[in-house]
Structure formats: C-alpha cells, structure tokens
Amino acid sequence: MDSKVVASLHKHKRSTLERIEKYISDTYFTDVNLKGKVHPMKQPFDEILYWKMPGGEGSWQNWTFNQVAVQSFTPIDIGQSFGPTWTTHWFKVRFTIPLDWQDKEVVLVWKSQNEAMIWSSRGEPLQGLSSGTGHEMRTTFPLRSDAMVAGKQQKVYIEMACNKTFKMEKDGLINQKQKDEGQNFKLEVAELRLFDRDVYNLVMDLQIMYDLAKYLPDDPRGYEALYAANHIINAVSTDNWSIAKQTAADFFAKSKNGSRAHCLALMGHCHIPSAWMWPFSEGKRKCARSWASSLALQDRYPRWNFTCSQAQQFAFIQKYYPSLFEKIKDKVQEGRFIPVGGTWVEMDGLLPSGESFMRQFLYGQRFFMKEFGVKCKELWLPDTFAFSAQLPQICNHFGITRFMAQKPKKEMGSKDYYGMQWGLMEDNGIQWGTMEDNGIIQWRKKPEGDRLIRNEFPHNNFHWEGIDGSKILTHFPPGDSFGMNVSVKEARKTVFNLKDKGRVGTSAFIFGYGDVGGGPSAEMLEKARRMKDVDGCPRMEHMTPNTFFACVEAESKNLCKWVGELFLEQNSGTYTTQSEMKKLNRMAEFRLQSAEMLLAMAVLKKKTTWEHMHRYQEKIEEAWKDVLLNQTHHVLPGLSTELVNKEAKTMYEKAIETAKAVTKDCLQLLMRGSSEYGRFMFNCLPWKVEQVLRVKSVCLNGVEEADPKRRCLGRTQTTNDGEEYVYSVCDGIGFSCLQPRDCPVVTLSEVNGSYTLANNKISVTISPYGQVESLCLVGQPNSNVFGKQQKACSGNQIMLYDDIPLRRDAAEVTDYHMETGKTLNSKQHWDKIDCVTVVESGPLVVKLRWKMAISDKSYLTQDIELAANSPYVAFHTSVDWYENRKFLKMNCDTTIKSQKASFDIQFGHIERQTHSNTPWDSAHYEMYGHKWADIYQHGLGLAVLNDCKYGWTAKENSIILSLLRSPKVPDDRCDMGNHTFKYALMPHQGTLQEAEVVRRAYEFNNPLHVFDNITDCQGDEDLEVFMSLDTNNAMIDAVKLAEDGTGDVVVRLHEIHGGRCQANLSLPADIDAQRVSICDGLEEPQEDLAFTRMILDGEMKERVTIPVHLKPFQIQTLRVYQ
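On a predicted model such as this, the values are computed, not experimentally measured, just so you know.

A. How the structure looks around the overall build of the protein. Along the backbone of the protein there are 18 helices and 60 strands. Sorting the 1122 residues of the protein into buried and exposed places 64% on the buried side. Of the accessible surface of the protein, which amounts to about 41800 Å², a share of 48% is contributed by carbon and sulfur atoms.

B. Structural detail: the sheet that holds strand S9 (residues 140-143). Strand order across the open sheet formed by 4 strands is S1-S12-S6-S9, with antiparallel pairing between neighbours. This sheet does not close on itself; its edge strands, each paired only once, are strand S1 (42-44) and S9. On average, each strand axis in the sheet is tilted by 30° relative to the strand beside it, whichever way the strands run. With 4 bridges connecting them, strand S6 (residues 106-111) and S9 associate as antiparallel partners. Counted as the bridge partner of Val107 is Pro142 from S9.

C. Structural view of the pairing of strand S26 (residues 689-695). Summarising burial for S26: 5 of the 7 residues are buried, a large majority. The sheet contact formed by S26 and strand S28 (residues 724-730) spans 7 bridges and is antiparallel. Bridging across to S28, Val695 finds its partner in Glu724.

D. Geometry of a nonpolar patch on the surface. Residues Tyr28, Phe29 and Val32 make up a contiguous nonpolar surface patch of about 330 Å² in total accessible area. Relative to the helices and strands, Phe29 resides in the loop between helix H1 (13-23) and S1.

E. A look at the packing of helix H9 (residues 354-372) against helix H15 (residues 610-630). Interhelical geometry of H9 versus H15 gives an angle of 105° and a closest axis separation of 10 Å. On the basis of the axis angle, H9 is roughly perpendicular to H15. Between H9 and H15, the contacting residues are Glu355, Ser356, Arg359, Gln360 and Tyr363 on the first element and Glu621, Trp624, Lys625 and Leu628 on the second. Here the residues of the contact of H9 with H15 are counted per class, giving 3 nonpolar, 2 polar and 4 charged.

F. Quick look at the nonpolar core. By size, the foremost hydrophobic cluster in this structure holds 230 residues, and its most contacted members are Met209, Trp291, Phe314, Ile328, Phe682, Val1039 and Leu1065. Apart from the residues lying within four places of it in its own chain, the contact partners of Met209 are Ala225, Ala228, Ala229, Ile232, Ala248, Phe251 and Phe252. Core analysis: the next-biggest nonpolar cluster, separate from the first, contains 60 residues, Ile766, Tyr769, Leu777 and Ile896 among them.

G. Local environment of the confidence of the model for the protein. Residue-level pLDDT values for the protein average 90, and 90% of them are 70 or greater. This stretch, residues 167-172, has a pLDDT under 50; its non-local contacts, to residues over four places away or in other chains, come to 14 contacts. Contacts for the low-pLDDT stretch residues 700-713, under 50 throughout, to residues beyond four places or in other chains number 22 contacts.

H. The arrangement of the pattern of salt bridges in detail. Within this structure, the stated rule accounts for 54 salt bridges. A salt bridge links Glu621 to Lys625, with the nearest nitrogen and oxygen atoms 2.7 Å apart. Taken as a pair, Glu621 and Lys625 lie in helix H15 at a separation of 4 residues, close to a single helical turn.

I. Local environment of H9. For H9, built from 19 residues, the straight-helix expectation of 27 Å at 1.5 Å per residue is met to within 8% by its first-to-last C-alpha distance of 27 Å. Of all 19 residues that make up H9, 16 are buried, and the element is covered over most of its length. Where H9 terminates, the next one or two residues include Gly373, which has phi positive at roughly 70°.

J. Spatial organisation of the sheet that holds strand S16 (residues 378-381). Across the sheet, which stays open at both edges, the 5 strands sit in the order S16-S17-S21-S20-S24 with mixed pairing between neighbours. In the strand order of this sheet, the two ends are held by S16 and strand S24 (560-563), each with one partner. Each strand axis lies, on average, 30° off the axis of its neighbour in the sheet, ignoring direction. Pairing of strand S20 (residues 461-465) with strand S21 (residues 471-475), which is carried by 5 bridges, proceeds in the antiparallel orientation. Residue pairing for S21: Trp464 is matched across the bridge by Ile472. Packing against the sheet, helix H13 (residues 545-554) makes contact with S16, strand S17 (402-405), S20 and S21, and its axis sits at approximately 110° to S17.

K. Layout of the environment of Asp100. Along the polypeptide, Asp100 turns up in the loop between strand S5 (88-96) and S6. Through-space distance from the C-alpha of Asp100 to that of Ala150 is 7.8 Å; in sequence the pair is 50 residues apart.

L. The arrangement of the packing of aromatic side chains in detail. For the structure on display, the rule yields 50 aromatic pairs. Where Trp304 meets Phe306, the ring centres are 6.2 Å apart and the plane angle is 80°; that geometry is what we call edge-to-face. The exposure class assigned to Trp304 is buried, which follows from its relative accessible area of 1%. For Phe306, a relative accessible area of 0% gives the class buried. Seen from their ring centres, Phe314 and Phe337 are 6.2 Å apart, and the 80° between their planes marks the pair as edge-to-face. Here the residue Phe314 occupies a position in helix H7 (residues 311-320), and Phe337 occupies one in strand S15 (residues 337-339), the gap between them amounting to 23 residues. A residue is classified by how much of its surface remains accessible, and Phe314, at 0% relative accessible area, is buried. Of the residues examined, Phe337 reaches a relative accessible area of 1% and is grouped as buried. Each member of the aromatic cluster is reached from another via a ring pair, and the members are Trp291, Trp304, Phe306, Phe314, Phe325, Phe337, Trp344, Phe367, Phe368, Phe372 and Phe511.

M. Highlighting the environment of Ser572. Inspection of the secondary structure assignment puts Ser572 in the loop between S24 and helix H14 (579-604). Residue contacts for Ser572: discarding those within four places in its chain leaves Ala811, Val813, Tyr925 and Glu926.

N. Quick look at unusual backbone geometry. Following Gly83, the chain continues into Pro84 via a peptide bond in cis, with omega recorded as 0°. As for its position among the elements, Pro84 is in the loop between strand S4 (81-82) and S5. The backbone of Trp86 sits at a positive phi, close to 75°, despite the residue not being glycine. The topology assignment puts Trp86 in the loop between S4 and S5. Its identity as a non-glycine residue notwithstanding, Val486 has a phi of 65°, on the positive side. Within the element layout of this structure, Val486 appears in the loop between S21 and helix H11 (488-497).

O. Structural context of the environment of Ser922. Relative to the assigned elements, Ser922 resides in helix H17 (residues 919-922). Accessibility expressed as a relative area gives 36% for Ser922, which makes it partly exposed. Through-space distance from the C-alpha of Ser922 to that of Asp815 is 8.8 Å; in sequence the pair is 107 residues apart. Ignoring sequence-local partners within four residues, the contact set of Ser922 consists of Ser916 and Lys955.

P. Up close: the side chain of Asn630. Within the element layout of this structure, Asn630 appears in helix H15. Residue classification places Asn630 among the buried positions, given a relative accessible area of 0%. The contacts of Asn630, once residues within four sequence positions are left out, are Phe280, Val635, Leu636, Ala648, Met651 and Tyr652.

Q. A look at the side chain of His924. Tracing the backbone through its elements, the reader meets His924 in the loop between H17 and strand S45 (927-928). Using a relative accessible area of 15% as the deciding quantity, one classes His924 as buried. With residues near it in sequence (within four places) discarded, His924 still touches Phe567, Arg912 and Lys955.

R. Spotlight on the pairing of strand S8 (residues 125-130). The buried count for S8 comes to 5 of 6 residues, which makes it a mostly enclosed element. In this sheet, S8 lies alongside strand S7 (residues 115-120) in antiparallel orientation, the contact comprising 5 bridges. The residue of S8 that forms the bridge with Glu115 is Ser130. With antiparallel pairing between neighbouring strands as the criterion, S7 and S8 make up a hairpin whose turn holds 4 residues, including Gly123 at a positive phi of roughly 90°.

S. How the structure looks around the packing of H7 against H9. Remark: H7 packs on H9, axes separated minimally by 9 Å, with the N-to-C direction vectors making an angle of 45°. In terms of orientation, H7 lies oblique with respect to H9. In this structure, H7 uses Ala311, Phe314, Ala315 and Gln318 to contact H9, whose residues at the interface are Gly364, Phe367, Phe368, Glu371 and Phe372. Taken together, the residues that form the contact of H7 with H9 break down as 6 nonpolar, 2 polar and 1 charged.

Scoring rules and cut-offs
- Residues numbered from 1 in each chain as written.
- Predicted model: local features only at pLDDT ≥ 70, side-chain atom pairs only at ≥ 80, totals over all residues.
- Heavy atoms only, no water.
- Helix = DSSP H or I, 4+ residues; strand = E, 2+ residues; numbered from the N terminus.
- Buried < 20%, exposed > 50% of the residue type's maximum accessible area, 1.4 Å probe, protein only.
- Areas by Shrake-Rupley, 256 points an atom, 1.4 Å probe, with all protein chains shown as cover.
- Pairing = 2+ DSSP bridges.
- Axes fitted to C-alpha atoms, helices over the stretch in contact; angles between N-to-C directions.
- Patch = residues over 30% accessible without salt bridge, like charges linked within 9 Å, V, L, I, M, F, W, Y side chains within 5 Å.
- Salt bridge = Lys/Arg side-chain N within 4 Å of Asp/Glu carboxyl O.
- Parallel < 35°, antiparallel > 145°, perpendicular 65-115°, else oblique.
- Contact = heavy atoms within 4.5 Å.
- Nonpolar A, V, L, I, M, F, W, Y, C, P; charged D, E, K, R; others polar.
- Core = buried A, V, L, I, M, F, W, Y, C linked by side-chain atoms within 4.5 Å.
- pLDDT = per-residue confidence, 0-100.
- Expected span 1.5 Å × (residues − 1).
- Phe/Tyr/Trp six-rings, centres within 6.5 Å; stacked < 30°, edge-to-face > 60°.

The structure is reproduced here in structure tokens:
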C-alpha cells in the first residue's frame, strides 16, 4: 500500500465499503455526499414554450425542423404532463447563463420520463436524452463553452417522444403497460446546472476503487483500493482536495498490470432493434438520438471508436436527419465511426430464405461501399437468436471472413439474465461455478436429483464451418453482453468466462447502452480511462473491429472448430410465433424472386426499354428492402408488439402486391407478339413441373368453342363451384399453353367410414377423424409408413399442448410442454368432430373434408387432397384460433426406425439426431426447418412438406410440424384469428435425394402460375424454355438484373443434395451474351466461363450453354454480360 495512504481505523471492511458506496451514491445522502457536489448550483430556464405536433405514431416523419420552428409555441410549467403514447411534443427553451458562471462547465438538465432529442436553433440534432430507465438515464447535455456566452440569452429546441423504453418485470415477462394509448409523461426537471469537474473526477476515481475493493474481496489489491478510497473521503471531509486528488492519481499510476494480463478490446456500440417494443418510426428516432449522442462524445473524448451496424438504419438517418448523416460520414472517414456487419439489418439467423440472406449482404455491403467507401469484413449479429449452418458460405460470398455474435444478458447479478447459454438458466439465475454479485467465485456441488437444463457453448473463439466446408472466424464476447457499462465486475467476469484461456490474449468488450438505444456514456469512457491498466483487472484498450480480429487471427492456429448450425435453445418459440407474419414472409420471398426472374427474361429478350427496366428494378429493390427490414431479429421471429406486427404485415402485403404488378407487366411484355392466345402457364423452377391446376376455365374467358380440340387432349374435372381441374405440364424455366393432358386417374373407396385415395404413385387411407391410417407406395405393400407394429402408428394427428414458458412468452418453448399433448382428432373426442365427407371424387382430384372444435372458441377445417400423378397427399387447413398459451401441432407417428432426420435450411439441408442420448440431443425438442423435413430408414422414408411453417420436432419414429402458438406477451392478440396453410405427406422408397424431395418441396411452394394472353391464336405448341439445368441436383435460386443497372443478368445456383454436380445451364440462343463470369455475392467478376451455342439432348433448338461445376451445397453466382 502507498506509504501516504492511511488505512481505516477499524478492520471492519463492510462498513468501510458501504461508506464509499454511500459517498458516491446518487440515491442516498445526496445532500451531503460527494455525488451531490457534482452540480453545486442550479439556474432555472428563462422560458419553456411548447407545441404539440398533430397526429400520433410516426407523424414526425412528415415534418421538417424548419416547419416546426415557425409554429406557435405557448408557455408551460415544469410539472405538466404530455401525451398520449407515441405522440410528439416540441419545446422551445430559452436560458441565460449567469455571469459568474462564465468559463465554467455548464450542463442543461431535462427529465421528462421518456425519450427526447436536443436540437440547436439552426436545426442540428445535438444529443439524445432519456429518463425513467434506471442506469440508462441520459438527462444532461454539456453546453459548449465556446458557443454559450454568460449573460446572453440562448435558445435550443427539445423534441419529446412520448414513449418509455421497455423494462423487464420480476417474473421476466416484458411489461407492456405502454400499450395504453392514454399514458402521459411528466416534465420533472428542466434547468441549468454548474458542473464541477474536480468533484466528478473524484467520484469516478472512487467508483473504480470501490469496485476493486468489492470484487477483489480477499485480495491485497482490493484492500489497497479500499484504504485509498477511504483516505480520499477523509481528505475531502477536511477540505484537503489536493491530497484527495493526489491520492487518486498515485493509486492509478502505481497500480499496473503485468505484461501477460489479458486485454479487453473496447468497442463502443449501441444495438438498436429497428422495431420491437416500439414501432419502426420510433426506431428511426432512437438511432438519431443515440448516434447524435455518440458523435457528441467523440468530440469530447477523441480516443474511442463507435461501431455501428445495419445499413437500413444509416439509410433512415440519411433520409430524416441529413445533417447528422454528414457528420457521420466525416467520422467514418476519420476511422472512428465504423460501419460493421455488412447487412441491411441485423436479421434473424434462421427464418429468412437463402436468397433473403444474400440480399441482406448485397444491399448492406453496397450501401456501405457507396456512402462510405467501406466494405465490411465481419458479420455483426449481437442479438440474433441462432445461426444457420449456411451463414459461413454466404459470408464468404461477400468477402466476410469474421463473425461477432452475442446474445444479451441482463445486468450481471440479475436473477433472470440470459446470455449465449444455449439452454435455460437455473432458477437462481447463476451457473454452477460462477462469479456471484460480491465477486467471489462460488463452486457448488450440484444437488442430488437435479437435471442439467442448459448446454453451455464450449468456445468464445473458434473456426465455424458450414455445411459446404466454408469457414469463418467467430468470436462470442465472454462478457455475455453487447451493452457493457465498463465496470470492474464486467471486466473480471469477461476473463473468468473466457473458455479459451491460454489460446487467445484478447477478448472483445462491447460497451454502450443497447437494445433500447443510448450508446456509450461519458461515465463509461471515464471508467475506461482509469481501468486502462489497473492491477486486478484485465488491461483495456480501445480498438477497431479490424484491429481486434487481427489479434485473434494471429492466434487462430490455437482455436478449435465448430461444424454445423449454432443453435440457441431458449428461443425455439420464434419458429412459430406470429404465424401470419411467417406466411407472408415466405410468400413475399418467392413472389419477388419470380417477378425479378420475369423482368430479367424481358431484358434478355429485349422486350422492354431501359427506362422501364430501371423503374421495375427500383420497385423490386424497394420491395426487397421492406421484406429485409421485417426480417430483423425481433419482427419476423414474432417478438414485437401488436403495433409493430400490423405495420410489418402491411409492408409484406405491399411487397407482394409489387411483385404481382411487376409479374403481370413482364408477362405482358414477354407474350407481346406471341402467336398464342388463351391460358398459359409460367414455371419459375428449372425443371419440368407436372401439376393438377384449379382454374376458372381451360379456355380464355370460359369460351370453350374457341378451340374445341383443346378439350379433347386430356382429362378435366369440374368442381362443385363450377371451376375446373386440369392436369398440365410445363417445362422450366419457361412458358407453356394451359392444355389438359392425359394422366392416370385418382380413385376413391370407403370401408367402415375410412376412405382410401389412390393414384398411380401412392395410396392413402384416412380415418373418419382425419388421421392417416396408412400411406403406401403403389405396388409396394411393405411400404406403409404408418399402420401397426409395436403400437398403432398414424399420421396427421392434430395435437394440442399447454404452452406456458418460464419467462419470455413469445420466444420460449419449454421441454415440459411435450408432456401435455393430447390428440384432438381421435375417437375419444368424437363429439367435437364432424367426420370425413367426400367433396371431390376424381378423376383428377379426390378431396375429403372434416371439421373439428379445438375448444369452445377455436375450430379447424381441413381438406385432404390427392391429385393425379402426385407423390404426396396434401392437407389444406383453415383454423379459427382463439387460444391462450396453447400450441397446435401435427404429429406423424411412423413405422420408420431412424436415428437421424433431415431438415431443409437455406441452400441445403442438415441432419439432426432423433434420440436424446446427450443433453444436446435432448435440447432438440423444437427445431427449425424450412420447406420440408424427412425421416428415412433403408428402403422407406417420409417427407413432410409445408408452405409457411418453420417449427419441427423429430423424436424416435415421430416427425411433428408446429402449426400455431398463442402467447400473450408482448402482443396479446398474437395469432388470434383465421389462418390458412397447407402441408403434405410424401412417402418414398429411396433416399430423399433419390425421391427428389427437395424438388417436390419447391413445387409445393411454387405452383405453376396461370395467366391470360389475348393475342391471335395460331397453334398449340409449347413456348420456348427460357432457362434450364440438365441435372437433378442443382437449383436456380435467382435470375435477376445486376445491381449496377447495366442490364446484365445475374443467375444464382446451389447444389441441393450434398454431392458434386456437373451440369449445363442453358439459355435461348437469341440472347446477346457477350461474356459469362463466376461472381461473388456483390456481382463482381471472379472468373470467366467459356460458353457455347449448341443443341442439348432433349432440346429442339440451339441454346447458349454454360458449364456449371458445383461442390456439395455450394452456392455459385454467375453474371451474363450483354
């Protein structure tokens, strides 16, 4: 201990420690303690004038500052309240700094129980304010001494946003009281205060000493900090300020780390969901308030860096706060305001399609490159819930080789915090062997009989390998937070938590108020300065992400590898919550891909002008960006409020309407000059599709006699409501006339109330209650995937479960819900079921219908349909859903014995265990997948297809599809109402690859598009195929115009079966192809490909042929230059 420091008189550590705590408290004894001396004098404002902006949520977007400034403001008093929720109120504040405050530090103080922004009189956003949020309050604004003259009246404007940030209740559920539109907010404090820098510095010194004493409880270094702090308090109490300051300076000067101390890479950050507990409009203002505050801090503290992700939020600032955006651009050029992530938003890591992921990076990287000249090297997803096994390859496709991810954890010591735990916390909120609130590491013996309820991820630094073999260097900050406050406790816990000790010497330390906005504070930066190199804590150094990852890369040879998906158990409810949102998302993704495919065809075929091309391209881009915005990690997963969900659905519907409009226009362009008339089909898939279609009439406008021969080419079936079923075939990608084709018929028989439907491929028997009693391949009696073995097995069991989570209602599905299931469509519930009846009896379609009361409020109607030549039986389902915390699923208990099941993901599929041998296997009771899942034993398998669902379970011989949930927080109307969706059961003999399950799933989600052409009719031959692949193990995911507006066409493919692929991509010979290149995701050429003009097998015309070579699950992007 320093020889000048005098220890406390008594050896009573607790009283000394608490003395220090109370001396710097902003709650206790503030009239006599040191914290109360930070602002020694106050001065009221000269005048506060007020104007209420018309309108409610989002109305501020229609006003400029100049329009606001000329409104009629009226005087108000402190203590008045303003509201209601989501309204905007403006204040014009006039003040005069007292003459005796000249050349002293002065702060403006504003506390109004909500969020606000200070504006200069010239209309510049200066800093955000927030109050009523505990430690995240920002209620003071330092007035610049060079701009504020004592004795002269000054003026600023304050924009009040009538909303609170969200908070967590003691039970862990998100409090939704601000849903009350009548809530008002009180202006509590509005004044000037003198700021004493010397007192403030001592408060910061004492805070660090106090923390060292508390979190190094039995360490001599902790006692040295304790006694130094006590000595400082005694000095201040006797007015020996110089001794107090010198003691603090000596303590930090002499308390240095060793050369091998772990280093924490400090990176300022402010994670802001664009929408969550607040609407999108408020997310924009949160960004402005937080980023303005960070810019102001960078002017005062020049040595720290601010990292900022999400190009969409930069675009918001560019549109609504142009002067702030210009300041950001200047700081970017200085290298201090650092764009990271390379994506349009911080998206959900599981639910978007592969092509949506590609667009996130495409639009994100292009924005950063255009506006700042920056190409991000790291993916930045601190709050995303889990990560697809294809993300490493997708990242590599855009030049991204690093990944930063971190699930949030509430302030350490909280009883319900959560982090990258990969499971559930114990009920006391701590893990076995962890740092307690007092800083002591407690190693506890696990009580007998307790079961492990969490799987802790084993690495903080590792090489993450995707399903194609691509790798990305990944870092999970061991502090378990993306919103550190810069404290001794956080610093020590970061090192304690590090799972790669001895392998790396540097860990990321991301600080700044996040989630609700705010960003770094002056207090954090002051603490970081003092903790830069203090014995007892790891070293702290401000770094850029690039510098930090360079440190990790230098030690990467020591790191382990993780292969496959990164799964977080606590958020499996997000796969099903807000079902309608997920349906609209899937629909928008496919509709936009189809629309831009048609636009690219029109350009390649020179059917449109440059002006039209650019207009359509801009519309599609705008629609894609709306879809991508909704894929942010709180919206698409279903974790937002009702207000947000309504707006998101509107955006989805708008995107779908845009896709429809572009599709319609491009179809007309492509058919212009065609000799064909009547009804036509468009196939967006690169293979021949055979489907039974339901149309109003086979011929145009129902005029049958226009071409009677067409009605003789094949079978048709008239429905009960006068429409027609027609079996048709269309090559892809391309067009065909809608012509009835001949095909084997579908038959129907009934025995004891059970119906058997059969076509040339499968036979299915449906019980009176809608269950599938048998499902066989025709001609293979041993291929029944249901039937009886040790027990009766059946499919399409509609199951209802209790769904009461431990804490987070919309996000969590707990394992114990599986113990509560009951089968609704069974004999035991016969009195609630309208048994199966026949709706259509063939020859092209057989359709059965049954109904059921789920409860006295909810009802299900289902049409079970088998079409001609179809390899699957489809279940078209309508549910009126009004339950409270219930979970609806469809269960198939099969006769298939398999230890693994396969699930569709982005650009490929993965396998998961169906047993529960390990805690990791056991945790897979609710998993994500996209269009299909498959369970297979040698010689027999069952695939389940769907058009809008993402939640799955595969345990032992069962495969279960999650249908609907009914959580009540944060949206108490979540999924209430009518839902329509479909799924299908497809038995198969060979593997899923041999059975072409992937193709059937694409067809299930992309039926042939039927449209009319009104030009003259000359014949009935098929139209030209636009684009095709001569292989069955590759998919064309996108055909789009290049983003640079040149009219070049970009084609994206991927290998679908997990094997190598050599194929030929063919296009019409009349396109003006000058060059073909393999490109990266940014559509920049990497390697030229030779192409030829030749006639392929099965083709009648010459084609442009491009050789394609793909590795397992490889994504490849080609560019056709015109």
